[in-house]
Amino acid sequence: MKKLVLTGAAGRLGGVLREPLSRLCDELVTTDILDAPDSLFANERYVQADLGDLPAMISLLEGADMVVHFGAIGDEAPFETLLKPNFIGAYNIWEAAYQNKVRRVVYASSIHAVGMHKKTDFIGIDAPHRPDTFYGLAKCFAEDLASLYWDKRGVEAVCMRILSCAQVTNSRAVGSWLSYDDLIHLVEQAITTPITGFSIVYGVSNNDRAPVDNAAASHLGYRPKDNAEPFAKEIYAKDGPLDPLDPGNSCHGGPFAIVELGQSGVSLLNLDPEDT
Ligand SMILES: NC(=O)c1ccc[n+]([C@@H]2O[C@H](COP(=O)([O-])OP(=O)(O)OC[C@H]3O[C@@H](n4cnc5c(N)ncnc54)[C@H](O)[C@@H]3O)[C@@H](O)[C@H]2O)c1
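A few points on the structure. (Residues numbered from 1 in each chain as written. Predicted model: local features only at pLDDT ≥ 70, side-chain atom pairs only at ≥ 80, totals over all residues. Heavy atoms only, no water.)

**Brief notes about the environment of Val106**
Formally: Each helix is a run of DSSP H or I of at least 4 residues and each strand a run of E of at least 2, with the numbering of both proceeding from the N terminus. Contact definition: two residues touch when any of their heavy atoms are within 4.5 Å.
Tracing the sequence through the fold places Val106 in strand β5 (residues 104–110). For Val106 and Ser22, which are 84 residues apart along the polypeptide, the C-alpha to C-alpha distance reads 15 Å. Aside from chain neighbours lying at most four places away, what touches Val106 is Val67, Val68, His69, Val158, Met160, Val187, Ala190 and Ile191.

**Things to note about the sheet that holds strand β1 (residues 3–7)**
Short version of the rule: Strand pairing is assigned whenever DSSP detects at least two bridges linking the two strands. An axis is simply a line fitted to the C-alpha atoms; with a helix, the fit covers only the stretch in contact. Between two such axes, the angle follows the N-to-C directions and lies from 0 to 180 degrees.
The strand order across the open sheet built from seven strands is β3-β2-β1-β4-β5-β6-β7, with neighbouring strands paired in parallel fashion. The open sheet terminates on both sides in strands that have one partner only, identified here as β3 (44–48) and β7 (198–203). Averaged over all neighbouring strand pairs, the angle between strand axes comes to 20 degrees, with direction disregarded. Together, β1, β4 (66–69), β5 and β6 (156–162) form the strand contacts of helix α3 (residues 79–99), whose direction differs from that of β4 by roughly 170 degrees.

**Quick look at α3**
Filter applied, for reference: Here the expected length of a helix is defined as 1.5 Å per residue gap, with one fewer gap than residues. Bend angle per residue: angle between axes fitted to the 7 residues ending at that residue and the 7 residues starting there. For every residue, the accessible area (1.4 Å probe, protein chains only) is compared with the maximum for its type, and the residue is labelled buried under 20%, exposed over 50%, or partly exposed between those bounds.
The first and last C-alpha atoms of α3 sit 28 Å apart over 21 residues, in line with the 30 Å expected at 1.5 Å per residue. If you look at α3, its biggest bend is around 35 degrees, right at Gly89. Turning to α3, its buried residues number three or more, namely Leu82, Pro85, Asn86, Phe87, Gly89, Ala90, Asn92, Ile93, Trp94, Glu95, Ala96 and Ala97. Looking at the buried side of α3, the elements it contacts are β1, α2 (54–60), β4, β5, α4 (134–153) and β6.

**Comments concerning the site of the ligand**
Cut-off, in case you're wondering: When at least one non-hydrogen atom of a residue lies within 4 Å of a molecule or strand, that residue is treated as near it. For this analysis, a polar contact is any N or O atom pair within 3.5 Å, provided that within protein one partner can donate a hydrogen and the other can accept it, and provided that sequence-adjacent residues contribute only side-chain to side-chain pairs. All accessible areas in this document rest on Shrake-Rupley with a 1.4 Å probe, and a residue is counted as covered only by the protein chains that are shown. Cavities and pockets were defined on a 1 Å grid built over protein atoms only: a cavity is a set of grid points that admits a 1.4 Å probe from which the probe cannot escape, a pocket is an open set flanked by protein on both sides within 12 Å along at least five of seven lines, and lining residues are those with an atom within 4 Å of any such point. To decide whether a molecule occupies a pocket or cavity, check its atoms: if more than half lie within 2 Å of the grid points, it is inside. As a working rule, the residues Ala, Val, Leu, Ile, Met, Phe, Trp, Tyr, Cys and Pro are called nonpolar, Asp, Glu, Lys and Arg charged, and the rest polar, with Gly in that last group.
Taken together, 23 residues surround the ligand, and among them Arg12, Leu13, Asp32, Tyr135 and Cys165 come closest. Between an oxygen atom of the ligand and a side-chain N or O atom of Tyr135, the distance comes to 2.5 Å. Cys165 places a main-chain nitrogen or oxygen 2.8 Å from an oxygen atom of the ligand. Summarising the interface, the protein chains cover 85% of the accessible area of the ligand, which totals 820 Å² for the free molecule. Here the ligand occupies the largest pocket. For the shell around the ligand, the elements supplying multiple residues, two or more each, are α1 (12–22), β5 and α4. Counting residues per element, the shell around the ligand draws most heavily on β5, at three residues. For the shell around the ligand, a count of residues per class yields 13 nonpolar, six polar and four charged.

**Focus on the nonpolar core**
For clarity, the threshold we go by: Think of a nonpolar core as a cluster: buried Ala, Val, Leu, Ile, Met, Phe, Trp, Tyr and Cys residues, connected wherever their side-chain atoms sit within 4.5 Å.
Of all hydrophobic cores here, the largest spans 64 residues; its most connected members are Phe70, Trp94, Leu183, Val187 and Tyr202. Looking at this core element by element, the count peaks at six residues for helix α6 (residues 180–192). Residues within four places of Tyr202 in sequence aside, it is in contact with Ile111, Val114, Ile123, Gly124, Ile125, Ala127, Arg161, Leu163, Val212, Asp213, Asn214 and Tyr222.

**Side note on α6**
An ideal rise of 1.5 Å per residue puts 18 Å on 13 residues; α6 measures up with 18 Å between its terminal C-alpha atoms. Within the span of α6, buried status applies to Asp182, Leu183, Ile184, His185, Leu186, Val187, Gln189, Ala190 and Ile191. Against β1, α1, β4, β5, β6 and β7 lie the buried residues of α6.

**Section: the packing of aromatic side chains**
The following threshold applies: To pair, rings of Phe, Tyr and Trp, with the six-membered ring standing in for Trp, must have centres within 6.5 Å; the planes then decide the type, stacked if under 30 degrees apart, edge-to-face if over 60, and tilted in the middle. Throughout this description, the term charge over a ring refers to an Arg CZ or Lys NZ atom that lies within 6 Å of the ring centre and within 35 degrees of the ring normal.
Throughout the structure, instances matching the rule amount to seven aromatic pairs. Ring geometry for Trp94 against Tyr107: centres 5.4 Å apart, planes inclined by 70 degrees, an arrangement best described as edge-to-face. One end of the pair, Trp94, is in helix α3; the other, Tyr107, is in strand β5, with 13 residues separating them in the sequence. Ring pairs connect the aromatic residues Phe79, Phe87, Phe134 and Phe141, which therefore count as one cluster. Taking NZ or CZ as reference, Arg153 lies 4.0 Å from the ring centre of Tyr98, over its face.

**With respect to the environment of Lys101**
Relative to the helices and strands, Lys101 is located in the loop between α3 and β5. Assessed through its relative accessible area of 75%, Lys101 is described here as exposed. It is 9.6 Å that separates the C-alpha atoms of Lys101 and Arg153, two residues lying 52 residues apart in sequence.

**Notes on the layout of surface pockets**
Quick note on the threshold: Grid points are joined across faces, edges and corners, and a volume is the space filled by probe spheres set on the points.
Put simply, the largest pocket is a space of about 980 Å³. Around the largest pocket, the lining comprises 45 residues; the ones closest to its centre are Leu13, Ala72, Ile73, Gly74 and Tyr135. Where the lining of the largest pocket is concerned, the elements lending two or more residues are α1, β2 (27–32), β5, α4 and α5 (171–176). Residues of the lining of the largest pocket, tallied by class, amount to 22 nonpolar, 17 polar and six charged. Lining the second largest pocket we find 21 residues, and of these Lys119, Ser171, Arg172, Leu242 and Asn249 sit closest to its centre. Mapped onto the lining of the second largest pocket, the elements with two or more residues apiece are α5, α7 (229–239) and α8 (247–250). The residue makeup of the lining of the second largest pocket, split by class, is seven nonpolar, eight polar and six charged.

Below, the structure is given as structure tokens:
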């Protein structure tokens, strides 16, 4: 591959992906609204840009084979705050991809697009959208945009509904954990699978208690290896009995299922500040 673009490159997951992606292409163009990382890989070029700026996105994607779109506000926030980066930013990426004849958008979607479904329903990739927040609504919007641009404009997309890519610190994460190694494998599969059309896949490790079904995404060859089960006993003991009637426990969205619209869900996740 000649040119690959990664958005959200200054973020936590972007930082994990830069090195492995740099090995898949002649030139890796990384971008974020923040300053450039301290050091760049040999074939990496960094462009500071706002996802809300369509002309900037069109110029960024010029000559690109694919774009890996991870840039966004990664938490629930007021609709007006999310509108530019998460909604308009997604439109700008798909429109810039179309105008530049970019083959595929590999997109960091989220479980929060379907966060109000019950975990006991063991949903597949065909579960209807059921967002838990404005943040989840933006992921629904981007997934529908991906479907539209595939059907009407032939831009392929892999929408990876990541469950939780952070360390296992709570009972929910025993099922929802996506390790960094499995994230890298997932993104590599989304890029290297010859034909994807419009695909959805859950970003979750090989957890014994994974609450979602990826059977219909088998064509991507995503075979995660890590498993959160060794953490289960200690975490369940620490958390104590959970109220089964609390949507924060029973729904896929976890704390996002109970926060007020516009209020942070991440702040309820009990994450180590170094890993958020
Ligand atoms: N971390 C998870 O567990 C998880 C779960 C589901 C989905 N996701 C998605 O994965 C992606 C990356 O998540 P993360 O945890 O690395 O989040 P992050 O906040 O660390 O990274 C997101 C990056 O996007 C950038 N960004 C925000 N607004 C921008 C704008 N207007 N223009 C350009 N860049 C902008 C931020 O500066 C940041 O560096 C996000 O789209 C998030 O919604 C993450």
